[in-house]
Amino acid sequence: MVKICCIGAGYVGGPTMAVIALKCPSVEVAVVDIWDKRIAAWNSDQLPIYEPGLDDVVKQCRGKNLFFSTDVKKHVKEADIVFVSVNTPTKTTGLGAGKAADLTYWESAARMIADVSESSKVVVEKSTVPVKTAEAIEKILSHNSKGIKFQILSNPEFLAEGTAIQDLFNPDRVLIGGRETPEGQEAIQALKDVYAQWVSEDRIITTNLWSAELSKLAANAFLAQRISSVNAMSALCEATGANVSQVSHAIGKDTRIGPKFLNTSVGFGGSCFQKDILNLVYICECNGLPEVAEYWRQVVKINDYQKSRFVNRVVASMFNTVSTKKIAILGFAFKKDTGDTRETPAIDVCKGLLVDKAELSIYDPQVTQDQIQRDLTLRKFDWDHPIHLQPVNPTSCFNVDQVKVVRDAYEATKGAHGICILTEWDEFKSLDYNKIYENMQKPAFIFDGRYVIDADKLREIGFIVFSIGKPL
Ligand code: NAD
Ligand code: UGA
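Per chain, residues are indexed from 1 in the order of the written sequence. Starting at A for chains and at 1 for ligands, labels are handed out in the order in which the entities are written. Restriction of local features to residues with pLDDT of at least 70 applies here, the model being predicted, together with a cutoff of 80 or more for giving and counting side-chain atom pairs; totals for whole chains, interfaces and linings are based on all residues. Side-chain figures throughout are based on the complete set of non-hydrogen atoms in the structure, without hydrogens or water.

## What to know about the site of ligand 1
- Looking at ligand 1, there are 27 residues lining it, with Asp-33, Arg-38, Thr-88, Glu-161 and Lys-275 nearest.
- Under this definition, polar contacts are N or O atom pairs within 3.5 Å; protein pairs additionally need one hydrogen-donor-capable and one acceptor-capable atom, and for neighbouring residues in sequence, both atoms have to be side-chain atoms. Residue Arg-342 places a side-chain N or O atom 2.9 Å away from an oxygen atom belonging to ligand 1.
- All accessible-area figures derive from a Shrake-Rupley calculation using a 1.4 Å probe, and residue coverage is judged against the displayed protein chains alone. The protein chains hide 95% of the 830 Å² of surface that ligand 1 would expose on its own.
- Per-class residue counts for the shell around ligand 1 are ten nonpolar, ten polar and seven charged.
- Three or more residues apiece are contributed to the shell around ligand 1 by two domains, here domain 1 (2–199) and domain 2 (221–467). Each residue is tested against the molecule or strand, and it is near if at least one of its non-hydrogen atoms lies within 4 Å. Residues are grouped as follows: Ala, Val, Leu, Ile, Met, Phe, Trp, Tyr, Cys and Pro are nonpolar; Asp, Glu, Lys and Arg are charged; every other residue, Gly included, is polar. Each domain's extent was defined by an automatic or database domain assignment.

## Brief notes about the site of ligand 2
- Near ligand 2, the surroundings consist of 20 residues, among which Phe-158, Leu-159, Ser-265, Cys-272 and Arg-450 are the closest.
- In this structure, an oxygen atom belonging to ligand 2 sits 2.8 Å away from a side-chain N or O atom of Lys-335.
- Notes on ligand 2: free accessible area 700 Å², of which the protein chains cover 89%.
- Take the shell around ligand 2: its biggest share by element is four residues, from helix 9 (residues 209–240).
- Here the shell around ligand 2 is composed, by residue class, of eleven nonpolar, four polar and five charged.
- Taken domain by domain, the makeup of the shell around ligand 2 includes at least three residues from each of domain 1 (2–199) and domain 2 (221–467). Per the convention used, a helix needs a DSSP run of H or I reaching at least four residues, while a strand needs a run of E reaching at least two, with both numbered from the N terminus.

## A closer look at the sheet that holds strand 9 (residues 326–330)
- Following DSSP output, two strands are said to pair if at least two bridges run between them. Here we have six strands laid out as an open sheet, ordered 11-10-9-12-13-14, and parallel in their pairing. Strand pairing shows two members of the sheet lacking a second neighbour, strand 11 (403–405) and strand 14 (464–467), which therefore form its edges. Between one strand axis and the next, the sheet turns through 15° on average, direction left out of account.
- In this analysis, two residues are considered to be in contact whenever any of their non-hydrogen atoms come within 4.5 Å of each other. Axes, fitted as lines to C-alpha atoms, cover a helix only where it is in contact. Angles between the N-to-C directions of the axes lie from 0 to 180 degrees. This element, helix 12 (residues 290–317), spans strand 9, strand 12 (418–421), strand 13 (445–448) and strand 14 of the sheet and lies at about 170° to strand 13.

## Some thoughts on the packing of aromatic side chains
- Within 6.5 Å between ring centres, the rings of Phe, Tyr and Trp (the latter by its six-membered ring) count as paired, and their orientation is classed by plane angle as stacked under 30 degrees, edge-to-face over 60, tilted in between. A full pass over the atoms with the stated rule returns 13 aromatic pairs.
- When the ring of Phe-261 is compared with that of Phe-273, the centres are 6.4 Å apart and the planes differ by 65°; the resulting orientation is edge-to-face. Here Phe-273 lies in helix 11 (residues 273–286) and Phe-261 lies in the loop between helix 10 (244–252) and helix 11, a separation of twelve residues in the sequence.
- Buried, partly exposed and exposed residues are distinguished by accessible area as a fraction of the type maximum, computed with a 1.4 Å probe on protein chains only: under 20%, between the cut-offs, and over 50%, respectively. Since its relative accessible area comes to 37%, Phe-261 is described here as partly exposed.
- Residue Phe-273 is classed as buried on the basis of its relative accessible area of 13%.
- Each ring, one from Phe-310 and one from Phe-466, has its centre 6.4 Å from the other, and the planes form 55°; the classification is tilted. Placement of Phe-310 in helix 12 and of Phe-466 in strand 14 is noted, with a sequence separation of 156 residues between them.

## With respect to the state of the cysteines
- Only a pair of cysteine sulfur atoms within 2.5 Å counts as a disulfide in this structure description. For the coordinates displayed, the defined rule picks out zero disulfides.
- The cysteine Cys-5 is free of any disulfide, with Cys-6 supplying the nearest cysteine sulfur at 7.0 Å.
- Using a relative accessible area of 0% as the deciding quantity, one classes Cys-5 as buried.
- Left without a disulfide partner, Cys-61 is nearest to the cysteine sulfur of Cys-24, which lies 9.9 Å away.
- When its relative accessible area of 3% is taken as the criterion, Cys-61 is described as buried.

## Points about the domain arrangement of the protein
- Split into domains, the protein comes out as domain 1 (2–199) and domain 2 (221–467).
- The centre of domain 1, based on its C-alpha atoms, is set 32 Å off from the matching centre of domain 2.
- Opposite the 25 residues of domain 1 that make contact, domain 2 presents 29 residues.
- Note on definitions: buried area is the accessible-area loss of two parts on being combined, 1.4 Å probe, summed for both. Carbon and sulfur atoms supply 57% of the area that domain 1 and domain 2 bury against each other, a total of about 2,200 Å² over both sides.
- Looking at the side of domain 1 facing domain 2, the largest losses of area belong to Tyr-50, Lys-99 and Glu-161, adding up to 29% of the total buried there.

## Let's talk about the packing of helix 9 against helix 11
- Running from amino to carboxyl end, helix 9 crosses helix 11 at an angle of 115°, the nearest separation of the two axes being 9 Å. In terms of crossing hand, the pair formed by helix 9 and helix 11 is left-handed. Packed against helix 9, whose contacting residues are Leu-214, Lys-216, Leu-217, Asn-220, Ala-221, Leu-223, Ala-224 and Ile-227, the element helix 11 presents Phe-273, Asp-276, Ile-277, Asn-279, Leu-280 and Ile-283 at the interface.
- Its residues assigned to classes, the contact of helix 9 with helix 11 comprises ten nonpolar, two polar and two charged. Left-handed describes a crossing whose near helix is turned anticlockwise from the far helix through less than a right angle; right-handed describes the clockwise counterpart.

Structural data, given as structure tokens:
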């Protein structure tokens, strides 16, 4: 029986390994983490991650060929293949701060693998890492080994949150990069054999290590670039009377462009787009390519611009002040169908409104009050260090009384002057907006950052409506 161990039981490690366990009954999979509460949650009925379909997969395999454990060393020692899926956040201090990837967690995992191993292993980079990380990892592993051979593979993950299980069941492609030596090719084949149990051969791409590492950063940069492109167009649409949905539809019909990822929004969020682009920018700078670095940096700049443009629109529309006005925030997660708030545009929008002294009443179906309070008090980039590793004394830019987290959209909007829709949860489409209007201060404003509502219908009710990229 092949034994797999995955270091890091997060949004990637947990779902990815659960699917491997489900699809490969003859493989034993152990997911390990130093975060004991997270492991306890994986072993409970309340999984630490909200992801449609995940509960079912975990229930089918847990205790059979899928195990969650804090005994990191034991499972690494026993494994044939070790995936490393730890977090690779943006550095907050020192060389490359604010851009470069912080590989502290990765390096400590690699050193631990070298220390505890007693047999040869394939070590798989699952985390998103800078190009050439595999070279550094090889050095750490080979210098510490006791004659044991390690083969490093790059197998970046392309799942999106909210659709992770679907993406893992039916991936567009699986990418495996390895050394172009007989041993490297043998390691690639071993990993291919795992995926080939449910992914067709033509969807398993093999490359050299550096192409695989760079392809992951490139894929995220291209995806985010599309969003920044359409968001840049949304500003022009508002200025000219064009409608960004019509523009997206029209350009998306060109088969060379395609219709996906052309939804304008209050800005992209999530743990990876910004982090990976900044990492790409840093790599370009380090390789003496400032023009290329600047090109990609613009994708993040436009995203920041979109978020501040939204805040400015809210404040300007509400007679240039939101001081002491109640604003309902509907949605805090970075997209629907996830409870993840990492780098969600809601954080910047809320902070922008708080600086203008607004009183926020926040509702999200999946995000807890604790999480929202923590997100609004942490410094930029600190969020990507897991909770147990976050700084103990975060700074606060607002008075705690300015933020209330409530249990439903009706409570959030009661007595409010304005509503900001920041996540496209389906339930926001079917709210009783007549009732909401009745209970709000007048004039009642609604700012749709996600195209959830039918602006014309809401105008008929009496709302003053702003939808990004649409004529006012
Ligand atoms: P995460 O923060 O949810 O999980 C990482 C886990 O690793 C944490 O639970 C942490 O406690 C654990 N960890 C850190 N150091 C450890 C160590 N030395 N030993 C054992 N456990 C350790 O992160 P994530 O969202 O799962 O992302 C992991 C990687 O995958 C990142 O590089 C990310 O860029 C990449 N990625 C993420 C997504 C996504 O949708 N979240 C998609 C594709 C790729
Ligand atoms: C993204 C990629 O889609 C995955 O392929 C990749 O594996 C992952 O990043 C990663 O490396 O972490 P994810 O961030 O989970 O996945 O979710 P997306 O669906 O890509 O959405 C990211 C952000 O862009 C969200 O805030 C979403 O609302 C926004 N978005 C997306 C738009 O504003 N417009 C769109 O048209 C699409």
